[in-house]
Amino acid sequence: MADTSLSTDKLLDMYRTMQTIRQFESRVRDIFQEGQIPGFVHVSIGEEASATGVAAALTEQDYITSTHRGHGHLIAKGGEVKPMMAELFGKKTGYCKGKGGSMHIANFELGILGANGIVGAGLPIATGAGLAAKVRGSGEVAACFFGDGASNEGTFHESLNIASSWKLPVIYVCENNLYGEFTAGKDVTSVKDIADRARGHDMPGVVVNGNDVVEVYEATGQAVERARKGEGPTLIECKTYRWEGHVVGEEAFLGKRSYRPSDEIEAWKKRCPLITFEQRFVPDTFSEEGLTAVQAEVKQAIDDAVQFAQDSPYPAPEEALDDMFSAT
Amino acid sequence: MSEMNFIQAINTALAEELRLDPKTFLMGLDVWVGAFGATSGLTDEFGAERILNAPISEAGYAGAGVGAAMAGMRPIVEIEFASFFYCCWDQVCNQAAKLRYMSGGQADMPITFRAVCGAVGSAAAQHSETVYSQFMSVPGLKIVVPSGAYDMKGLLKSAIRDNNPVLVFEHLKLGRSKEEVPDDEYLVPIGQAAVKRAGSDVTIIAIGYMVSQALKAAKSLEEDGISAEVIDPRSLIPLDEETFLSSVAKTHNVLVVDEGHLRCGAAAEISAVIADKGFDSLDAPVKRLAAPDVPVPFSPPLEKFILPNDKKISATVREMLG
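Residues numbered from 1 in each chain as written. Chains lettered and ligands numbered in written order. Predicted model: local features only at pLDDT ≥ 70, side-chain atom pairs only at ≥ 80, totals over all residues.

Asker: How do you make sense of the overall build of chain A when you look at a structure like this?
Answerer: Looking only at helices and strands, chain A features 12 helices and 7 strands. Whereas a compact globule of 328 residues would reach a radius of gyration of roughly 20 Å, chain A reaches 19 Å, a difference of no more than 12%. Taking the principal axes of its C-alpha atoms as reference, chain A extends roughly 55 × 50 × 45 Å. Counting across all 328 residues of chain A, residues that qualify as buried make up 53%. (Helix = DSSP H or I, 4+ residues; strand = E, 2+ residues; numbered from the N terminus. Rg over C-alpha atoms; globule rule 2.2 N^0.38 Å. Buried ≥ 20, exposed ≤ 12 C-beta atoms within 10 Å, placed from the backbone.)

Following this line, the structure appears as structure tokens:
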């Protein structure tokens with residue numbers, strides 16, 4: 001096992017990140033159902049390891065693009081839970097001053113080029129961030145999160161072709177959670193493994209257990225190394241699963257109609273990224289008490305974030321007209 | 001001053017801005033060879049690293065331009081024909097136009113999209129459109145439509161320096177048209193219309209290639225004792241409403257001419273602005289002359305039938321004032 005190369009500090013950071021994502025998402029689900037959050041939210045419970053493992057292999061200067069199911073990616077890339085939660089509430093203290101909401105959080109200082117409400121839209125954007133790094137020779141890489149659904153978009157193929165042709169420093173991370181909205185990937189996708197599509201664009205395609213944070217981290221590390229050496233992009237497919245619906249409260253649209261077998265959901269819950277981590281590292285590397293303490297710290301941070309969002313003011317209505325154009 | 005054609009104006013503007021700012025780079029279809037000559041020779045000075053020959057993959061490379069702009073570069077993205085914008089509508093309208101606003105003003109989006117537009121002669125409906133009016137209802141974009149070499153050079157330079165997404169529409173029929181252009185550097189600010197000819201009886205607001213047609217029409221109207229003022233908006237977003245309204249206050253009659261389609265077109269927006277804000281100055285309703293709402297046809301007599309030209313402009317003005 002190569003995970004001996006990981007320091008305990010790094011491992012613990014990754015655990016804390018996964019806990020933060022899990023608890024942030026669980027709380028968002030709950031308070032959304034209470035009516036505290038406007039609009040709609042897509043949570044990534046069950047997919048914490050892919051976001052965490054990828055981001056852990058990046059530096060602060062590196063870029064990511066994210067998706068409609070983006071809270072986890074943003075937390076993993078350094079997003080703070082207070083301004084994130086406030087953005088979900090539509091408050092002035094949110095990362096985007098309430099103009100983006102759940103699906104559109106961005107923080108350019110952290111290299112987060114935005115979650116995106118359009119499936120597949122992040123692919124060319126990440127490709128362009130990689131292009132920027134290459135044209136100016138500044139050494140950053142761009143990691144692009146997208147789902148199995150997005151791999152059926154034209155932008156997926158266009159982006160992989162461009163990045164491979166121009167040897168751009170991009171890591172394409174497909175989080176294959178088996179469903180695009182309410183449709184099973186197997187019914188609408190020509191390949192079993194999305195990673196196979198890498199071959200058509202002459203780049204490495206790697207399948208990893210997306211629920212194993214160490215495996216994701218190591219695969220990403222290799223892809224980052226390759227990208228920084230100027231050898232071009234890699235496609236990593238993280239096999240994972242979302243425990244919740246496509247959108248929180250989807251029963252309201254679907255009624256009793258179901259699109260996923262319940263035993264499938266239960267089987268994937270047994271492969272929980274947090275349990276996977278705990279089984280591997282407790283008690284040899286971490287004590288149960290040590291990880292429980294992390295859980296408690298994270299709970300406090302999420303409590304504080306919700307309180308912060310609740311206490312924050314809404315933007316003044318006229319602020320709807322601000323932020324259109326840069327003055328220069 | 002030196003005489004320069006429209007294509008040379010584009011080429012010079014690109015070269016000057018690429019020289020000035022290492023963050024700029026050009027990306028598009030056939031830019032190495034230069035499909036219409038506008039980018040020819042740029043690789044000699046700037047190399048293939050900054051002049052990027054893109055695949056026929058509009059969504060891919062337009063989106064890459066957006067990403068590069070967000071990552072601190074200043075890309076110039078060439079879409080070739082304006083109708084090809086439909087292939088990257090999401091990247092322009094959902095991404096470039098909105099991401100600054102959606103991020104609460106965090107991101108600048110210094111990206112310039114260039115495309116040739118307009119009916120050049122039997123290119124048929126997918127290579128002859130103006131397309132700009134569709135973008136006018138997308139908040140977050142600036143749109144410029146130069147009518148000659150001087151404005152082309154000055155507006156393109158301003159577009160490249162602008163920290164917002166700017167769409168530049170280059171009418172193919174203007175390619176060989178020549179104008180005097182200063183040897184020293186100059187910029188034409190985005191958002192300022194130009195009074196191309198002063199007059200007192202009627203205001204003709206004409207867009208892009210139609211400016212040349214309006215000027216021709218104005219000459220012929222002069223022979224009938226009709227004094228026409230010709231205004232070129234130069235940019236469609238933002239619109240220089242002041243210049244329109246002060247002209248209308250003088251002439252009391254307006255014709256808006258556009259090669260694009262009539263319905264919800266650029267002429268419709270300009271007419272609405274004048275009707276809203278200049279009603280008291282008007283002696284007659286604002287009149288529009290634009291292409292009927294059919295795709296641009298292929299056969300020469302059909303194409304000629306739908307396009308406005310100098311004769312249709314002067315005939316319409318005579319009718320208005322008659």
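Asker: Mind showing me how you'd approach the overall build of chain B here?
Answerer: Regarding its fold elements, chain B presents 12 helices and 14 strands. Relative to the compact-globule value of 20 Å for 322 residues, chain B shows a C-alpha radius of gyration of 19 Å, a close match. Overall size of chain B, expressed as C-alpha extent along the three principal axes, is 60 × 40 × 40 Å. Residues counted as buried form 56% of the 322 residues belonging to chain B. Long-range contacts, defined as pairs at least 24 residues apart, comprise 79% of the intrachain contacts of chain B with a sequence gap of at least 6. (Contact = placed C-beta atoms within 7 Å.)

Asker: I tried to follow the environment of A:Ile162 on my own but got confused; where do I start?
Answerer: Assignment of secondary structure puts A:Ile162 in helix 6 (residues 154-165). By C-beta crowding, A:Ile162 is classed as buried, having 28 other C-beta atoms within 10 Å. Residues A:Ile162 and A:Leu131 lie 31 residues apart in sequence; the distance between their C-alpha atoms is 9.6 Å. With near-sequence residues (within four places) excluded, A:Ile162 lies in contact with A:Thr127, B:Pro55, B:Ser57, B:Gly60, B:Tyr61 and B:Ala64.

Asker: Please clarify how the interface of chain A and chain B should be interpreted in this entry.
Answerer: When the parts of a complex come together, some accessible area is lost, and that lost area is often taken as the interface size. If you look at the interface, chain A gives 36 residues, while chain B gives 36 residues. Elements supplying a minimum of two residues to the side of chain A that touches chain B: helix 5 (122-136) and helix 6 of chain A. Among the elements that line the side of chain A that touches chain B, the one with the most residues is helix 5 of chain A, at 10 residues.

Asker: Looking at this structure, how should I read the pairing of strand 11 (residues 228-232) of chain B?
Answerer: Here is the key point about a regular strand: its side chains alternate between the two faces of the sheet. Residue and element names in this part refer to chain B. For strand 11, the buried fraction is high: 5 of the 5 residues fall into the buried class. Of the two faces of strand 11, the one holding Ala228, Val230 and Asp232 and the one holding Glu229 and Ile231 are both buried throughout. The pairing of strand 9 (residues 194-197) with strand 11 spans 3 bridges and is classified as antiparallel. By the bridge assignment, Ala194 is partnered in strand 11 with Asp232. Of the pairings in the sheet, the one linking strand 10 (residues 202-206) to strand 11 comprises 4 bridges and is parallel in character. (Pairing = 2+ DSSP bridges.)

Asker: What exactly am I supposed to notice about the sheet that holds strand 5 (residues 112-117) of chain B here?
Answerer: One key point about sheets: their strands pair by backbone hydrogen bonds, in either a parallel or an antiparallel sense. Residue and element names in this part refer to chain B. Sheet architecture is open: 7 strands sit in the order 3-2-4-5-7-6-12, paired in mixed fashion. The open sheet has two edge strands, strand 3 (51-53) and strand 12 (235-237), and neither has a second partner. Each neighbouring strand pair of the sheet contributes to a mean axis angle of 20°, computed without reference to strand direction. Of the strand pairs in this sheet, strand 6 (residues 142-144) and strand 7 (residues 166-171) are connected by 3 bridges, and their pairing is parallel. The residue of strand 7 that forms the bridge with Val144 is Val168. Docked against the sheet, helix 3 (residues 58-70) engages strand 2 (24-28) and strand 4 (74-81), running at close to 160° with respect to strand 4. (Axes fitted to C-alpha atoms, helices over the stretch in contact; angles between N-to-C directions.)

Asker: Sorry if this is basic, but what is going on with the nonpolar core here?
Answerer: Soluble globular proteins: nonpolar side chains tend toward being buried together. A:Ala129, A:Cys144, A:Ile171, B:Ile204 and B:Val257 are the most contacted members of the largest nonpolar core, which has 196 residues in total. Here B:Val257 is in contact with B:Ile204, B:Ile205, B:Ala206, B:Met210, B:Ala214, B:Ala267, B:Leu289, B:Pro308 and B:Ile313, once residues within four sequence places are set aside. (Core = buried A, V, L, I, M, F, W, Y, C linked by C-beta atoms within 7 Å.)

Asker: Got a minute to help me understand the packing of helix 1 (residues 8-33) of chain A against helix 12 (residues 288-311) of chain A in this structure?
Answerer: Describing two packed helices takes the angle between their axes plus the distance from one axis to the other. Residue and element names in this part refer to chain A. The contact between helix 1 and helix 12 brings their axes to 9 Å, and the two run at 45°. On the basis of the axis angle, helix 1 is oblique to helix 12. The crossing of helix 1 and helix 12 is right-handed. Residues Tyr15, Arg16, Gln19, Thr20, Gln23, Phe24, Arg27 and Ile31 of helix 1 form the contact with helix 12, whose participating residues are Leu291, Val294, Gln295, Val298, Lys299, Ala301, Ile302 and Val306. In terms of residue class, the contact of helix 1 with helix 12 is built from 9 nonpolar, 4 polar and 3 charged. (Parallel < 35°, antiparallel > 145°, perpendicular 65-115°, else oblique. Left-handed = near helix turned anticlockwise from the far one by under 90°. Nonpolar A, V, L, I, M, F, W, Y, C, P; charged D, E, K, R; others polar.)

Asker: Would you mind showing me how to read helix 8 (residues 213-228) of chain A here?
Answerer: Counting along an α-helix, one turn takes 3.6 residues, and residues three or four places apart therefore face a common direction. Residues and elements named next belong to chain A. Look at helix 8: 22 Å from first C-alpha to last across 16 residues, which is about the 22 Å you get at 1.5 Å a residue. What helix 8 keeps buried is the set Val213, Val214, Glu215, Val216, Tyr217, Ala219, Thr220, Ala223, Val224 and Ala227. Buried residues along helix 8 sit in contact with helix 1, helix 2 (48-56), strand 3 (170-176), strand 6 (205-209), strand 7 (234-239) and helix 11 (273-281). Of the residues one or two after helix 8, Gly230 is the one with positive phi, at around 85°. (Expected span 1.5 Å × (residues − 1).)

Asker: Can you walk me through the sheet that holds strand 7 of chain A in this structure?
Answerer: Residue and element names in this part refer to chain A. Read across the open sheet, the 5 strands follow the order 1-2-3-7-6; overall the sheet is parallel. One side of each edge strand has no neighbouring strand; the edge strands of this open sheet are strand 1 (63-65) and strand 6. Neighbour-to-neighbour, the strand axes of this sheet turn through a mean angle of 20°, independent of strand direction. Bridge count for strand 1 against strand 2 (residues 142-147) is 3 bridges, and the pairing is parallel. By the bridge assignment for strand 2, Thr65 is matched with Cys144. Running over the sheet, helix 5 touches strand 1, strand 2 and strand 3 and is turned about 170° from strand 2.

Asker: What should I look at first to understand the pairing of strand 2 of chain B in this one?
Answerer: Residue and element names in this part refer to chain B. With 5 of its 5 residues buried, strand 2 lies for the most part within the structure. Every second residue of strand 2 is oriented toward a common face, with Thr24, Leu26 and Gly28 on one face and Phe25 and Met27 on the other, all of them buried. As judged from the 5 bridges shared by strand 2 and strand 4, these two strands associate in the parallel manner. The partner of Met27 across the bridge, within strand 4, is Val77. Where strand 2 lies against strand 3, 3 bridges are found, and the strand directions are parallel. Note that in strand 3 the partner of Leu26 across the bridge is Ile51.

Asker: Looking at this structure, I do not really get the environment of B:Phe279. What am I missing?
Answerer: Its location among the elements puts B:Phe279 in the loop between helix 10 (266-277) and strand 14 (287-291). Exposure remark for B:Phe279: the 11 C-beta atoms within 10 Å place this residue in the exposed category.

Asker: How should the packing of helix 2 of chain A against helix 8 of chain A be read in this particular structure?
Answerer: Residue and element names in this part refer to chain A. Look at helix 2 against helix 8: their axes get within 7 Å of each other, and the N-to-C directions meet at 40°. Seen along the crossing, helix 2 lies across helix 8 with a hand that is right-handed. Side by side, helix 2 and helix 8 meet where Ala49, Ser50, Thr52, Gly53, Val54 and Ala56 of the first sit next to Val213, Val216, Tyr217 and Thr220 of the second. Along the lines of polarity and charge, the residues of the contact of helix 2 with helix 8 split into 6 nonpolar, 4 polar and no charged.

Asker: Can you help me understand the environment of B:Asp90 in this one?
Answerer: By the element assignment, B:Asp90 lies in helix 4 (residues 89-96). Residues B:Asp90 and B:Asp280, spaced 190 residues apart in sequence, show a C-alpha to C-alpha distance of 41 Å. Look past the residues within four positions of B:Asp90 in its chain and what remains in contact with it is A:Ile118, A:Ala121, B:Ala59 and B:Gln95.

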